[in-house]
Amino acid sequence: MDIRTGQGIDFHRLEEGLELWIGGVPVSSDKGAVAHSDGDVLIHAICDAILGAAALGDIGFHFPDTDPRYKGIDSRILLTKCVELVGLKGYQLVNIDSTVCLEQPKLAPHIDAIRESLAAVTGLDKSRIGVKATTTEKLGFTGRREGIAAQAAVLIRSV
Ligand code: MG
């Protein structure tokens, strides 16, 4: 059996009056992500981790932000396509672990819904999806609420 690991990271600027989507879940916040797509930083990090595990490049290569087809797109569609792409290479997802960095709002009340959302999109059991959140103790761009970041790690195995 061929087992591979992948990692991904993503960042978005935050501005007032925009929607904040995390893991396919709308999170109530005064600030949302500036992006060509829906700006779902967590899903983007997971997409890059999945693509990276199969050495298939990155999300910007497959879904360029210069392409009008992806303007405002629901990132769950991108995640579905990434799972399909590694599937075509003969791999299936084993698990996902991830961390979202933001100062506010607290994500704890949303973590369960985010895991369920990611399970629905990827086909993984919820028990195989880790979602964690941290502040950066008011340090840096995330601490100043200028932006949001997410990291993800995945394992894939040959089918
Ligand atoms: Mg992104």
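Everything numeric here is computed off the predicted structure, so don't read it as measured data.

Cut-offs applied
- Residues numbered from 1 in each chain as written.
- Predicted model: local features only at pLDDT ≥ 70, side-chain atom pairs only at ≥ 80, totals over all residues.
- Heavy atoms only, no water.
- Pairing = 2+ DSSP bridges.
- Helix = DSSP H or I, 4+ residues; strand = E, 2+ residues; numbered from the N terminus.
- Salt bridge = Lys/Arg side-chain N within 4 Å of Asp/Glu carboxyl O.
- Buried < 20%, exposed > 50% of the residue type's maximum accessible area, 1.4 Å probe, protein only.
- 1 Å grid on protein atoms, 1.4 Å probe; cavity = no way out; pocket = protein on both sides within 12 Å on 5 of 7 lines; lining within 4 Å.
- Points joined across faces, edges and corners; volume = space filled by probe spheres on them.
- Nonpolar A, V, L, I, M, F, W, Y, C, P; charged D, E, K, R; others polar.
- Patch = residues over 30% accessible without salt bridge, like charges linked within 9 Å, V, L, I, M, F, W, Y side chains within 5 Å.
- Areas by Shrake-Rupley, 256 points an atom, 1.4 Å probe, with all protein chains shown as cover.

To continue, consider the pairing of strand β1 (residues 3-16). Regular strands have side chains that alternate between both faces of the sheet. With 11 bridges joining them, β1 and strand β7 (residues 147-158) adopt antiparallel strand pairing. By the bridge assignment, Gln7 is partnered in β7 with Ala153. Bridge analysis of β1 against strand β4 (residues 31-33) gives 3 bridges, and the strand direction is antiparallel. Across the sheet, the residue bridging to Leu14 is Ala33, located in β4.

Let us now look at the pattern of salt bridges. Counted according to the given criterion, the structure contains 10 salt bridges. For Arg115, the salt bridge is made with Asp112, and the minimal N-O distance between the two is 3.7 Å. Of this pair, Arg115 and Asp112 both sit in helix α4 (residues 111-122), 3 residues apart, which is roughly one turn of that helix. Classification of Asp112 by relative accessible area gives partly exposed; the value is 39%. Residue Glu116 pairs with Lys126 through a salt bridge whose shortest N-O separation is 3.2 Å. Highlighted residues: Glu116 in helix α4 and Lys126 in the loop between α4 and β6 (129-134), separated in sequence by 10 residues. Each of the salt bridges in this network shares a partner with another, and the network as a whole consists of Asp112, Arg115, Glu116 and Lys126.

The gaps left among the atoms become clear once a water-sized probe is rolled over them. By volume, the largest pocket is sized at about 260 Å³. Along the wall of the largest pocket there are 15 residues; nearest its centre are His36, Ser37, His44, Phe63 and Asp65. Of all elements in the fold, only β1 and α2 (59-62) reach the threshold of two or more residues within the lining of the largest pocket. With 3 residues, β1 is the single largest residue contributor to the lining of the largest pocket. In terms of residue class, the lining of the largest pocket is made up of 8 nonpolar, 5 polar and 2 charged.

Attention now goes to a nonpolar patch on the surface. A surface patch of nonpolar side chains, about 270 Å² in accessible area, is lined by Ile9, Phe11 and Phe141. Among the structural elements, Phe11 can be located in strand β1. Among the residues examined, Phe11 registers a relative accessible area of 44% and is labelled partly exposed.

With omega at -10°, the peptide bond leading from Gln104 into Pro105 counts as cis. By the element assignment, Pro105 lies in the loop between β5 (91-101) and α4. Although it is not a glycine, Glu137 sits at a positive phi angle of roughly 55°. Secondary-structure assignment places Glu137 in the loop between β6 and α5 (140-143). By relative accessible area, Glu137 is classed as exposed at 65%. For Lys138, which is not glycine, the phi dihedral falls at a positive 65°.

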